[in-house]
Amino acid sequence: MSVEGIDFAQAELIFERLAAVAEALAQPAGVGEMETVGNLVSYLLDHPRDIEPLLRFGISELPANWIRMGRLSYHGMDGKVWRPADARRAAVIKKLERMP
């Protein structure tokens, strides 16, 4: 991916706003801001139409399950590296196994 044509002043403003949204969400929730902004970027990669509403109005503009809808891998509580699509699939399978 080329960086030609990127307005770096605008990019800086976008990163500042993403950090502010992550801080506003993470601090009251008692979770890491760095992880939160990473989750936001992961989600926005697959849902670019949500960039503007998020940056303008904050986290309330995202769907309730946004954190599970990202693209980038993450470390699970089990110590494994999970791809989001695999984690979603595993959750569906687990739910189906519990059905009578």
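Residues numbered from 1 in each chain as written. Predicted model: local features only at pLDDT ≥ 70, side-chain atom pairs only at ≥ 80, totals over all residues. Heavy atoms only, no water.

Q: How should I be thinking about the side chain of threonine 36 in this particular structure?
A: Along the chain, threonine 36 falls in helix H2 (residues 33-46). Residues in contact with threonine 36, not counting those within four places in the same chain, are Ala22, Leu25, Ala26, Val31 and Trp66. (Helix = DSSP H or I, 4+ residues; strand = E, 2+ residues; numbered from the N terminus. Contact = heavy atoms within 4.5 Å.)

Q: Just checking my understanding: could you explain the packing of aromatic side chains for this structure?
A: The relation between two aromatic rings is expressed through the spacing of the ring centres and the mutual angle of the planes. Under the defined criterion, the tally for this structure stands at one aromatic pair. Geometrically, the ring pair formed by tyrosine 43 and tryptophan 66 is edge-to-face, given 6.3 Å between the ring centres and 80 degrees between the ring planes. With a gap of 23 residues between them, tyrosine 43 in helix H2 and tryptophan 66 in the loop between helix H3 (51-57) and strand S1 (74-75) connect regions that are remote in the sequence. Assessed through its relative accessible area of 2%, tyrosine 43 is described here as buried. (Phe/Tyr/Trp six-rings, centres within 6.5 Å; stacked < 30°, edge-to-face > 60°. Buried < 20%, exposed > 50% of the residue type's maximum accessible area, 1.4 Å probe, protein only.)

Q: Got a minute to help me understand the pattern of salt bridges in this structure?
A: Within this structure, the stated rule accounts for three salt bridges. For glutamate 52, the salt bridge is made with arginine 56, and the minimal N-O distance between the two is 2.6 Å. In this pair, glutamate 52 and arginine 56 are both assigned in helix H3, four residues apart and thus about one turn of the helix distant. Under the relative-accessibility criterion, arginine 56 is labelled exposed at 55%. Its salt-bridge partner being arginine 89, residue aspartate 86 comes within 2.7 Å of it at the nearest N-O pair. Within this pair, aspartate 86 and its partner arginine 89 are both found in helix H4 (residues 84-98), separated by three residues, close to a single helical turn. Note on arginine 89: relative accessible area 49%, which makes it partly exposed. (Salt bridge = Lys/Arg side-chain N within 4 Å of Asp/Glu carboxyl O.)

Q: Can you walk me through the packing of helix H1 (residues 8-29) against H2 in this structure?
A: Helix-helix packing is characterised by the crossing angle of the two axes and by the distance between the axes. At a minimum axis separation of 8 Å, H1 and H2 run at an interaxial angle of 120 degrees. As the angle between them shows, H1 and H2 are arranged oblique. The interaxial crossing formed by H1 with H2 has right-handed handedness. Where H1 approaches H2, its residues Leu18, Ala19, Val21, Ala22, Glu23, Leu25, Ala26 and Gln27 are matched on the opposing element by Glu33, Thr36, Val37, Leu40, Val41 and Leu44. Classifying every residue of the contact of H1 with H2 by side-chain character gives ten nonpolar, two polar and two charged. (Axes fitted to C-alpha atoms, helices over the stretch in contact; angles between N-to-C directions. Parallel < 35°, antiparallel > 145°, perpendicular 65-115°, else oblique. Left-handed = near helix turned anticlockwise from the far one by under 90°. Nonpolar A, V, L, I, M, F, W, Y, C, P; charged D, E, K, R; others polar.)

These figures capture arrangement, not role.
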